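Chain by chain, the residues run as shown.
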Amino acid sequence: MPFSWSEIYKSFWSWKGYKPIECDNCGKKHKITATGRLIFVALTVLPMLIFIKFISFFPPFNNFLVALGLALAILFVGSLVTPYFVRFKVV
Ligand SMILES: [Zn+2]
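In what follows, the accompanying structure is described. Here, residues in each chain are numbered from 1, in the same order as that chain's written sequence. pLDDT decides what is reported in this predicted model: residues at 70 or higher carry local features, side-chain atom pairs at 80 or more are listed and counted, and totals for whole chains, interfaces and linings draw on all residues regardless. Side-chain calculation: all heavy atoms of the structure are included, whereas hydrogens and water are not.

## Quick notes on the overall build of the protein chain
Here's step 1: Helix and strand counts for the protein chain come out as four helices and three strands.
Here's step 2: Helix and strand labels come from DSSP, where a helix needs a run of H or I of at least four residues and a strand needs a run of E of at least two; each type is numbered from the N terminus. Along the protein chain, helices (α) and strands (β) appear in the sequence α-β-β-α-α-α-β when read from the amino end.
Here's step 3: Against the compact-globule benchmark of 12 Å for 91 residues, the protein chain has a radius of gyration of 16 Å, which places it well outside the compact range.
Here's step 4: Each principal axis of the C-alpha distribution contributes one length, and for the protein chain these read about 55 × 20 × 20 Å.
Here's step 5: For every residue, the accessible area (1.4 Å probe, protein chains only) is compared with the maximum for its type, and the residue is labelled buried under 20%, exposed over 50%, or partly exposed between those bounds. Burial statistics for the protein chain: of 91 residues in total, 27% are counted as buried.
Here's step 6: By the convention used here, residues are in contact when the closest approach between their heavy atoms is within 4.5 Å. Within the protein chain, contacts between residues at least 6 apart in sequence are counted, and of these 61% link residues at least 24 apart.
Here's step 7: When the accessible area of the protein chain is evaluated, it comes to approximately 6,300 Å², of which 72% is carbon and sulfur surface. Computation of the radius of gyration draws on C-alpha atoms alone. For the globule rule, the value is 2.2 Å times the number of residues to the power 0.38. All accessible-area figures derive from a Shrake-Rupley calculation using a 1.4 Å probe, and residue coverage is judged against the displayed protein chains alone.

Structure below.
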């Protein structure tokens, strides 16, 4: 620790979810904390759901493709900033 943005970002997108990162300094595996997972959800899925539930009914967002595009954009932007906020612990 600490890990670079790209190391953390990559760990989010493994299919098993939140893959532990092997540390170059201490050789130990570090896993995202439970709080870190909550932060990840709070910055990605949550804003997307809020958008779908409250905003996507109003023009110009009530077009399916526009809404879908924006929902994905929110997810994407959220995932980009998440590495700055999550913490890791030794497995
Ligand atoms: Zn370490």
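Still more to cover.
## Focus: the pairing of strand S2 (residues 29-32)
Here's step 1: Residues of S2 alternate between two faces, with His30 and Ile32 buried on one and Lys29 and Lys31 left unburied on the opposite face.
Here's step 2: Pairing between two strands requires that DSSP report at least two bridges joining them. When strand S1 (residues 21-22) meets S2, the two strands line up antiparallel, connected through two bridges. Looking at the pairing, Ile21 lines up with His30 of S2.
Here's step 3: Where S1 hands over to S2, the hairpin turn is made up of six residues, of which Gly27 adopts a positive phi near 75°.

## Brief notes about the sheet that holds strand S3 (residues 88-90)
Here's step 1: In spatial order, the strands read S1-S2-S3; together these three strands make up an open sheet with antiparallel pairing. Of all the strands in the sheet, the pair left with one neighbour each is S1 and S3.

## What about the packing of aromatic side chains?
Here's step 1: Any two rings among Phe, Tyr and Trp, with Trp reduced to its six-membered ring, count as a pair given centres within 6.5 Å; such a pair is stacked if its planes are under 30 degrees apart, edge-to-face if over 60, and tilted if neither. Across all of its chains, the model carries six aromatic pairs by this definition.
Here's step 2: When the ring of Phe51 is compared with that of Phe61, the centres are 5.8 Å apart and the planes differ by 85°; the resulting orientation is edge-to-face. Here Phe61 lies in the loop between helix H3 (45-55) and helix H4 (64-81) and Phe51 lies in helix H3, a separation of ten residues in the sequence.
Here's step 3: Residue classification places Phe61 among the partly exposed residues on the basis of a relative accessible area of 25%.
Here's step 4: Linked through ring pairs, Trp5, Tyr9, Phe12, Trp13 and Phe40 together constitute an aromatic cluster.
Here's step 5: One cation-aromatic arrangement involves Lys53 over Phe54; the distance from NZ or CZ to the ring centre is 5.9 Å. Our definition puts a charge over a ring when NZ of Lys or CZ of Arg is within 6 Å of the ring centre and also within 35 degrees of the ring normal.

## A closer look at unusual backbone geometry
Here's step 1: The linkage connecting Pro59 with the following residue, Pro60, adopts the cis geometry, with an omega of 0°.
Here's step 2: You can see Pro60 is positioned in the loop between H3 and H4.

## Details of the side chain of Thr44
Here's step 1: Looking at the secondary structure, you find Thr44 in the loop between helix H2 (34-43) and H3.
Here's step 2: Under the rule applied, a polar contact is a pair of N or O atoms within 3.5 Å (in protein, one hydrogen donor and one hydrogen acceptor; residues adjacent in sequence only if both atoms are side-chain atoms). One polar contact links the side chain of Thr44 to the main-chain carbonyl oxygen of Phe40, over a distance of 2.6 Å.
Here's step 3: Other than its neighbours up to four places away in sequence, Thr44 contacts Ile74, Leu75, Gly78, Ser79 and Thr82.

## What about the nonpolar core?
Here's step 1: Nonpolar cores are built from buried Ala, Val, Leu, Ile, Met, Phe, Trp, Tyr and Cys residues. Side-chain atoms within 4.5 Å join them into one set. Counting residues in hydrophobic clusters, the biggest one holds ten residues: Phe3, Ile8, Tyr9, Phe12, Ile21, Cys23, Ile32, Phe40, Val86 and Phe88.
Here's step 2: A per-element tally of this core places helix H1 (residues 5-12) first, with three residues.

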